[in-house]
Amino acid sequence: MRPKIILLFSGLIFITGCGPSLRTMSWMNGTWKMEKPTGGQRLETWAPEGKKLLVGTGQRVAHGDTSMLENISIYKSKGHLYYAPAVKDQNQGQAVAFRMMSGKDNTFVFENTKHDFPQRIVYIYKPIGEEMSDQPDSMFVDVTDLEGKGVHFNFVRAQVP
């Protein structure tokens, strides 16, 4: 009887999801900006929506105009975290889910090997810490194929006035 109870308890833990938590991504909350060499900025803004969803937007700011690039969600389903961007002119505007493959040491790797491009999206968080409080945190985003070829973004946390 005891092995059945242990097996049932272990299965219950697996089903309820002891996998990665959405809290591991809470550092993303707020606005991140990247200055473009040709002028303007790219922004990513993130906020929690309840306990099960983190929502983000990607925007481009140029010459005083702001244009929406993508809507993004990070959510947990069946014990896994997913990153799901919806880009206006791609995939008929529908979100494409990328499953978190690893999330440790402030590096979060999401993959969808069946998608044409990108197939991998990596977020790397670089907190500055107390000793350099005048410097903002950094966030690096790699949007690539499985060989690492693609686009690389370097964001800093936007300072709140």
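Cut-offs and rules
- Per-chain numbering applies: the sequence of each chain, read as written, is numbered from 1 onward.
- Totals for whole chains, interfaces and linings use every residue, but because this is a predicted model, local features are given only for residues with pLDDT of at least 70 and side-chain atom pairs only at 80 or more, for both listing and counting.
- No hydrogens and no water enter the side-chain calculation; it runs on all heavy atoms of the structure.
- Salt bridge, as used here: a side-chain nitrogen of Lys or Arg that lies within 4 Å of a carboxyl oxygen of Asp or Glu.
- Relative accessible area decides the class of each residue, using a 1.4 Å probe on protein chains only: under 20% of the type maximum gives buried, over 50% gives exposed, and in between gives partly exposed.
- The numbering of helices and of strands both runs from the N terminus, where a helix is a DSSP run of H or I of at least 4 residues and a strand a run of E of at least 2.
- Two aromatic rings from Phe, Tyr or Trp, using only the six-membered ring of Trp, form a pair when their centres are within 6.5 Å; if the ring planes differ by under 30 degrees the pair is stacked, by over 60 it is edge-to-face, and anything between is tilted.
- Charge-over-ring contacts are defined here by two conditions on Lys NZ or Arg CZ: a distance within 6 Å of the ring centre and an angle within 35 degrees of the ring normal.

Asks: Could you clarify how one ought to interpret the pattern of salt bridges in this entry?
Replies: Once the charged atoms of two side chains with opposite charge are near each other, the side chains can pair. Tallied over the full model, the rule gives four salt bridges. Residues Arg120 and Glu111 are paired through a salt bridge, measuring 2.7 Å at the closest nitrogen-oxygen approach. Taking relative accessible area as the criterion, Arg120 reaches 21% and is therefore assigned partly exposed. In this structure, Arg157 and Asp137 form a salt bridge, with 3.5 Å as the shortest nitrogen-oxygen distance. Separated by 20 residues along the polypeptide, Arg157 in strand 10 (residues 150–157) and Asp137 in the loop between strand 8 (120–126) and strand 9 (138–144) bring together distant segments of the chain. Taking the relative accessible area as the measure of exposure, Asp137 reaches 16% and is therefore buried.

Asks: Even after reading the chapter, I still don't get unusual backbone geometry, so can you show me in this structure?
Replies: Glycine aside, negative phi is the norm for most residues, and most peptide bonds take the trans geometry. With an omega of -5°, the peptide bond between Phe117 and Pro118 qualifies as cis. Within the secondary structure, Pro118 sits in the loop between strand 7 (107–111) and strand 8. Although it is not a glycine, Asp105 adopts a positive phi angle of roughly 50°. Its location among the elements puts Asp105 in the loop between strand 6 (98–104) and strand 7. Judged by its relative accessible area of 72%, Asp105 is exposed.

Asks: Is there a simple way to think about the packing of aromatic side chains in this case?
Replies: Aromatic rings considered in pairs are described by the distance between their centres and by the relative angle of their planes. Overall, the coordinates contain ten aromatic pairs when judged by the stated rule. Seen from their ring centres, Trp27 and Trp32 are 5.9 Å apart, and the 85° between their planes marks the pair as edge-to-face. The pair Trp27 / Trp32 is uniform in exposure class, with both members buried. Its end group placed over the ring of Phe153, Arg42 keeps NZ or CZ at 4.7 Å from the ring centre.

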